[in-house]
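Inside the fold
These are the residues of each chain, in order.
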Amino acid sequence: MTPADRSARAAHRIAFLLAKHGDELARHIRRMVRDDDSAQDILQDTMIRAHRALSRLAAGSNERAWLYRIATNTSLNHLRSQTREREALRRHAAERETAVAPHADGRQERDEARRAELWAHVARLPARQRLALTLRLADELDYEEIARRLGGTAATARANVYQATRKLRLRVREP
Amino acid sequence: MTAEHAAAERSAVEHIVLGAFDTLTGRRSEPLRYAMMDDTPVGALGLAAGAGGLRHLSFVESEDDFVERLLGEHGDVPILRSTLDDVRRALDRYFTGRRLAFDVAVDLDELPPFQRRVLDATARIPAGRVATYTQVANQAGSPRASRAAGNALHNNPVAIIVPCHRVLRADGSLGGYGGGLPIKEWLLTHEGAWPAAL
């Protein structure tokens, strides 16, 4: 096979994966990194990694779950740098705030301060706990689906969410 | 999530996927959106539409086969999984018998002119009625081309919606069908047009 053949085959294979799964993977990545340009880079990276590893995907195994894991790990790598992570959380917090109707009285400022504090605590959680918590609360996924996206079992996902909530309860002051 | 928020997310997500298609595969024309209907009375159907309307309604073995076919037939076109709710709803109504007529835009622009004329003529045969290959060839302006009309119908890219199953031999027998004769017979029976009274 010539290099041109190989590259045409790779393009076809990647087009196949993008056609079937691109949409939901892009949605998943975008929710994790909260930035469209980074999301496109990460989706492309995910596709290239998936294509390289394709021979290792056993016949009959779940292609979708496997791609979700690659997308999750690629996103986690991207988020690993603390600055990028803080930036993502700041955007996430801002987005959540606009979704909440403002209060008429002075409670709004207090609420905002508490929310900022909460997100600062969330930012300090270990990555898997933080992601499991975000998928559970912001995206309202069940534990099975969280496990499919982050890898591991539903029980691990539940444990991660539990640990995250427990730590937040300890750290955040009651009003 | 509000409807507005959902629409904004959909468009941002599509932009990301189209960007990846462009960078990694060189596919950068208008995308085709596809959807599957797995459990219809005539088996699994693959649907695909572009901006101009429906371009494929095919009897398929699996989603993978359908995607491979779309990628093969449309070399520079990004293919996106979608829901195509309007088309699926129209087909649901058809299969449950609530409404046998289709109000679905089809895009036949890339087909050869003769095939397009044959399919246009076929699209005018209402549910419950049938026509012969010769009649359809006549309508398409080529009275002696009934065999060619048969071929054009056999390669109908939008089965059921352009009802090529309503075209029969002059002796009232079924003739051929791209999806297999049992499906042709099922569709005609469902429409109350079988056995045919020509």
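Basis of the calculations
- Residues numbered from 1 in each chain as written.
- Chains lettered and ligands numbered in written order.
- Predicted model: local features only at pLDDT ≥ 70, side-chain atom pairs only at ≥ 80, totals over all residues.
- Helix = DSSP H or I, 4+ residues; strand = E, 2+ residues; numbered from the N terminus.
- Rg over C-alpha atoms; globule rule 2.2 N^0.38 Å.
- Contact = placed C-beta atoms within 7 Å.
- Pairing = 2+ DSSP bridges.
- Expected span 1.5 Å × (residues − 1).
- Buried ≥ 20, exposed ≤ 12 C-beta atoms within 10 Å, placed from the backbone.
- Arc of directions from axis to C-beta.
- Domains from an automatic or database assignment.
- Nonpolar A, V, L, I, M, F, W, Y, C, P; charged D, E, K, R; others polar.
- Axes fitted to C-alpha atoms, helices over the stretch in contact; angles between N-to-C directions.
- Parallel < 35°, antiparallel > 145°, perpendicular 65-115°, else oblique.
- Left-handed = near helix turned anticlockwise from the far one by under 90°.

Attention shifts here to the overall build of chain B. Secondary structure assignment for chain B yields seven helices and six strands. Ordered by position from the N terminus, the helices and strands of chain B form the series α-β-β-β-α-β-α-α-β-α-α-β-α. Here the C-alpha radius of gyration of chain B, 18 Å, is about what a compact globule of 198 residues would show, namely 16 Å. Judged by the C-alpha coordinates and their principal axes, chain B covers about 55 × 35 × 25 Å.

Looking only at helices and strands, one finds eight helices and zero strands in chain A. For chain A, the sequential pattern of α-helices and β-strands runs α-α-α-α-α-α-α-α. Residue pairs at least 24 apart in sequence account for 61% of intrachain contacts in chain A once pairs closer than 6 positions are excluded.

This paragraph deals with the pairing of strand β1 (residues 32–40) of chain B. All names here are of chain B. Across three bridges, β1 lies against strand β4 (residues 79–81) in parallel orientation. Paired with Tyr-34 across the two strands is Arg-81, which belongs to β4. Strand direction decides the pairing type here: β1 and strand β2 (residues 43–50), joined by six bridges, are antiparallel. The residue of β2 that forms the bridge with Ala-35 is Leu-47.

We now examine helix α3 (residues 85–96) of chain B. All names here are of chain B. In this model, α3 (12 residues) spans 16 Å end to end at C-alpha, consistent with the 16 Å of a helix rising 1.5 Å per residue. Among the residues of α3, Val-87, Leu-91 and Tyr-94 are the ones counted as buried. What you see down the axis of α3 is that its buried residues fit within an arc of 55 degrees, all on one side. Of the exposed residues in α3, those oriented more than 90 degrees away from the buried face are Asp-85, Arg-89 and Thr-96. Buried-residue contacts for α3 involve β1, β2 and β3 (53–59).

We now examine the domain arrangement of chain A. A common measure of how large an interface is: the accessible area buried when the components associate. Residues and elements named next belong to chain A. Here chain A is partitioned into domain 1 (1–80) and domain 2 (82–175). Each side of the interface is counted separately: domain 1 has 12 residues, and domain 2 has 12 residues. Those elements that place two or more of their residues in the side of domain 1 that touches domain 2 are α1 (3–33) and α3 (63–79). Broken down by element, the side of domain 1 that touches domain 2 gets its largest block of residues, seven residues, from α3.

To continue, consider the interface of chain B and chain A. On the side of chain A, 19 residues touch chain B, which itself brings 18 residues to the contact. When the residues that make up the side of chain B that touches chain A are grouped by side-chain class, the tally is 11 nonpolar, four polar and three charged.

With that out of the way, let us pick up the domain arrangement of chain B. Residue and element names in this part refer to chain B. Assigned domains of chain B: these are domain 1 (29–96) and domain 2 (113–190). Look at where the C-alpha atoms of domain 1 and domain 2 centre, and you get two points 21 Å apart. Counting from both sides, the interface comprises eight residues of domain 1 and, opposite them, nine residues of domain 2. In the side of domain 1 that touches domain 2, the residues fall into five nonpolar, two polar and one charged.

As a further point, take the sheet that holds β4(B). Residues and elements named next belong to chain B. With mixed pairing, the four strands of this open sheet are ordered in space as β3-β2-β1-β4. If you trace the sheet from one side to the other, it starts and ends with β3 and β4, each paired once. Taking each pair of neighbouring strands and ignoring which way they run, the sheet shows an average axis angle of 30 degrees.

This part covers helix α2 (residues 63–73) of chain B. Taken residue by residue, α2(B) has B:Phe66, B:Val67, B:Leu70 and B:Leu71 as its buried positions. Along α2(B), the residues classed as buried sweep out an arc of 135 degrees about the axis, all on the same side. Opposite the packed face of α2(B), turned more than 90 degrees from it, sit the exposed residues B:Asp64 and B:Gly72. Buried positions along α2(B) lie against α1 of chain A together with β1, β2, β3 and β4 of chain B.

With that settled, consider the packing of helix α2 (residues 36–53) of chain A against α3(A). Between two packed helices, both the angle of their axes relative to each other and the distance between the axes serve to describe the pair. Residues and elements named next belong to chain A. Remark: α2 packs on α3, axes separated minimally by 9 Å, with the N-to-C direction vectors making an angle of 130 degrees. In terms of axis orientation, α2 runs oblique to α3. Between α2 and α3 the crossing geometry is right-handed. Side by side, α2 and α3 meet where Ser-38, Ile-42, Asp-45, Thr-46, Arg-49 and Ala-50 of the first sit next to Leu-67, Ile-70, Ala-71, Thr-74, Ser-75 and His-78 of the second. Tallied by class, the residues present in the contact of α2 with α3 amount to five nonpolar, five polar and two charged.

Turning our eyes to something else, we now look at the pairing of β3(B). All names here are of chain B. Buried residues dominate β3, accounting for five of its seven residues. With six bridges connecting them, β2 and β3 associate as antiparallel partners. Along β3, the bridge assignment pairs Ala-48 with His-56. Between β2 and β3, which follow one another and run antiparallel, lie two residues.

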